Each structure stands twice: as C-alpha cells, then as structure tokens.
Amino acid sequence: GAGSTTGRQAVALYLDAALVAIVALLALVVLVDALRQWYGYLVQGRPCVSREVVVFAGGGTSAAQAHPTASRGVSCPISGCC
C-alpha cells in the first residue's frame, strides 16, 4: 500500500540528493582547478600550457584525405594570448 509508495519515494529522493551532491562536488573540483591555473598564469607568471591531447588534421583538402596527428601539450604561439 501507501507505505511502500512512500518508501520508494524516499529512496528516489535520497538517490537524487546523492547524485546532485556528486555533480556539485565535481563542479567544485573543476572550479578549484581553473582558479589554480588562473592564479598561476596571472599572479605567478607561469606560461599558458595545456596538458590535453590535441589532434590536428592536415595534409589534405578534405576530411577523408586529412592525416591527423596528435600533440601532447599545447602552448600559446603568441605571448599573452591566453
């Protein structure tokens, strides 16, 4: 009966709250990392360098003829551009 439905609703609400907490925690991690990087760039004068893998496509006139190459770490070609 009614008790079973209320129990299921309570579990659903707890699950929703847990998922919202996880998303909020992940957003906080991203925000803290971004602030750390901006602090290093603006205050400490560290260069703007990405540690992401970036794929460049080139060597052809279309996507089918392109030969992608991967590069690890991209630095800004112009000083102070990013």
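In this text the structure is predicted, and so the values were computed from the model without any measurement. (Residues numbered from 1 in each chain as written. Predicted model: local features only at pLDDT ≥ 70, side-chain atom pairs only at ≥ 80, totals over all residues. Heavy atoms only, no water.)

1. Focus on the confidence of the model for the protein
Right, so step 1: When pLDDT is averaged across the protein, the result is 78; 62% of the residues are at 70 or more.
Right, so step 2: At the level of individual helices and strands, the protein shows its lowest average pLDDT in strand S2 (residues 69–75), which scores 55, and its highest in helix H1 (residues 2–42), which scores 92. (pLDDT = per-residue confidence, 0-100. Helix = DSSP H or I, 4+ residues; strand = E, 2+ residues; numbered from the N terminus.)

2. Observations concerning a nonpolar patch on the surface
Right, so step 1: A contiguous nonpolar surface patch, about 570 Å² in accessible area, is contributed by Leu25, Leu28, Val29, Leu31, Val32 and Leu35.
Right, so step 2: You can see Val29 is positioned in helix H1. (Patch = residues over 30% accessible without salt bridge, like charges linked within 9 Å, V, L, I, M, F, W, Y side chains within 5 Å. Areas by Shrake-Rupley, 256 points an atom, 1.4 Å probe, with all protein chains shown as cover. Salt bridge = Lys/Arg side-chain N within 4 Å of Asp/Glu carboxyl O.)

3. Side note on the pattern of salt bridges
Right, so step 1: The full count for this structure, using the stated rule, is one salt bridge.
Right, so step 2: Note that Asp33 and Arg36 form a salt bridge whose closest N and O atoms lie 2.6 Å from each other. Of this pair, Asp33 and Arg36 both sit in helix H1, three residues apart, roughly one helical turn.
Right, so step 3: Residue Asp33 is classed as partly exposed on the basis of its relative accessible area, which comes to 31%. (Buried < 20%, exposed > 50% of the residue type's maximum accessible area, 1.4 Å probe, protein only.)

4. Comments concerning the packing of aromatic side chains
Right, so step 1: Per the stated rule, a full pass over the model turns up one aromatic pair.
Right, so step 2: With 6.1 Å between their ring centres and 75 degrees between their planes, Trp38 and Tyr41 make a pair best called edge-to-face. Of this pair, Trp38 and Tyr41 both sit in helix H1, three residues apart, which is roughly one turn of that helix.
Right, so step 3: Take Tyr41: its relative accessible area is 25%, and that puts it in the partly exposed class. (Phe/Tyr/Trp six-rings, centres within 6.5 Å; stacked < 30°, edge-to-face > 60°.)

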